[in-house]
Amino acid sequence: MEKELSPNEQIQWIEQPIARFFTRSVLGVCLVLFVSLLFFSFTSFSTYQQARGMGRSLLEFVGVPGALVFLMGTVIPLFLIFFIPFLNWLTARQSVYVITYERAFILTAGRSTTVTSFMPSELRVVSRREDRDGSGDIILYVHRSKDYDGDIQTQEIGFKQVRNAKAFERMLRQIDLG
């Protein structure tokens, strides 16, 4: 962190995001994966029952790769249901939110270090989502783009899972005024 700060830059606020396995976005992805897991499990079991009813093993069919697709359709979503929340938790554990008197930035350390800086001119708070306990997200920018088939994708950029969202927003506004 010392490498990132300029010599006259002083830290006003430093905080690590709340490390949670399940956040709003991760919960949605896991729900979709769970539904696909149920679908592929049902389809796989149906295929197995049809083969068993014919008195044959699945390995005797020419279309065995089709049976493997159903098998992989159950293994991969099951793996991802556990892996994606772990990655969310790990990212929060490796991130730090810093507010100085000159700017705000997010420092994420892992295999490499990523720093996302927000200068005072970029600190227009778009929204604050606050939970009952006062924690929440401060969204500075909503990036909208289209994917390959024309669907609109949105990505919220800002400080997520902060402990006191209202105080964090107040600090960001002080940088803007200063």
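This write-up is about the structure you can find in this document. Computed from a predicted model, the values in this text were never measured in an experiment.

Let us now look at the pattern of salt bridges. Within the structure shown, the criterion is met by six salt bridges. Measuring nitrogen to oxygen at the nearest pair gives 3.9 Å for the salt bridge that ties R163 to E15. Taken together, the residues R163 in the loop between β7 (152-162) and α3 (165-177) and E15 in strand β1 (residues 11-15) connect sequence positions 148 residues apart. The exposure class assigned to E15 is buried, which follows from its relative accessible area of 9%. A single network of salt bridges, built from pairs that share partners, joins R128, E130, E169 and R173.

Before going further, it helps to examine the sheet that holds strand β5 (residues 127-130). Within a sheet, each strand pairs with its neighbour through backbone hydrogen bonds, oriented either parallel or antiparallel. Strand order in the open sheet formed by three strands is β5-β6-β7, with antiparallel pairing between adjacent strands. At either end of the open sheet lies a strand with only one pairing partner, and these are β5 and β7. Here the strands of the sheet are splayed against their neighbours by 35° on average, with no regard to which way each runs. Both β5 and strand β6 (residues 136-146) contribute to a ladder of four bridges, which runs antiparallel. Bridge assignment links R128 to a residue of β6, and that residue is I138.

With respect to the helices and strands, the residue T114 is situated in strand β4 (residues 113-118). In this structure T114 comes out as partly exposed when scored by relative accessible area, which is 42%. Between the alpha carbons of T114 and S95 there is a distance of 9.3 Å; along the sequence they are 19 residues apart. Once residues within four sequence positions are removed from consideration, T114 is found in contact with I106, L107 and T108.

Our next topic: the sheet that holds β4. The strand order across the open sheet formed by four strands is β1-β2-β3-β4, and the pairing between neighbours is antiparallel. Strand pairing shows two members of the sheet lacking a second neighbour, β1 and β4, which therefore form its edges. For this sheet, the mean angle separating the axes of adjacent strands, direction not counted, is 20°. Pairing between strand β2 (residues 95-100) and strand β3 (residues 104-109): five bridges, direction antiparallel. Its bridge partner lying in β3, V98 is registered against F105.

Looking at soluble globular proteins, one finds that nonpolar side chains tend to be buried together. Membership of the largest hydrophobic core comes to 17 residues, with the highest contact counts inside it found for I99, I138, F159, F168 and L172. A total of six residues in this core trace back to one element, the largest contributor, which is α3. If we ignore the near neighbours within four places in the chain, the residues touching I99 are I11, Q12, W13, A104, F168, M171, L172 and I175. L5, V96, V98 and L107 belong to the second-largest nonpolar core, a separate cluster that totals five residues.

Its identity as a non-glycine residue notwithstanding, Q161 has a phi of 60°, on the positive side. Mapped onto the elements, Q161 comes out in strand β7. Taking relative accessible area as the criterion, Q161 reaches 11% and is therefore assigned buried.

Moving on, we come to the side chain of R103. With respect to the helices, strands and loops of the structure, R103 is situated in the loop between β2 and β3. The class of R103 is buried, set by a relative accessible area of 9%. Looking at R103, its side chain comes within polar contact range of the side chain of S117, at 2.8 Å. Aside from chain neighbours lying at most four places away, what touches R103 is E4, L5, E9, V98, S117, F118, M119 and I175.

About the cut-offs
- Residues numbered from 1 in each chain as written.
- Predicted model: local features only at pLDDT ≥ 70, side-chain atom pairs only at ≥ 80, totals over all residues.
- Heavy atoms only, no water.
- Salt bridge = Lys/Arg side-chain N within 4 Å of Asp/Glu carboxyl O.
- Helix = DSSP H or I, 4+ residues; strand = E, 2+ residues; numbered from the N terminus.
- Buried < 20%, exposed > 50% of the residue type's maximum accessible area, 1.4 Å probe, protein only.
- Pairing = 2+ DSSP bridges.
- Axes fitted to C-alpha atoms, helices over the stretch in contact; angles between N-to-C directions.
- Contact = heavy atoms within 4.5 Å.
- Core = buried A, V, L, I, M, F, W, Y, C linked by side-chain atoms within 4.5 Å.
- Polar contact = N/O pair within 3.5 Å; in protein donor to acceptor, adjacent residues only side chain to side chain.

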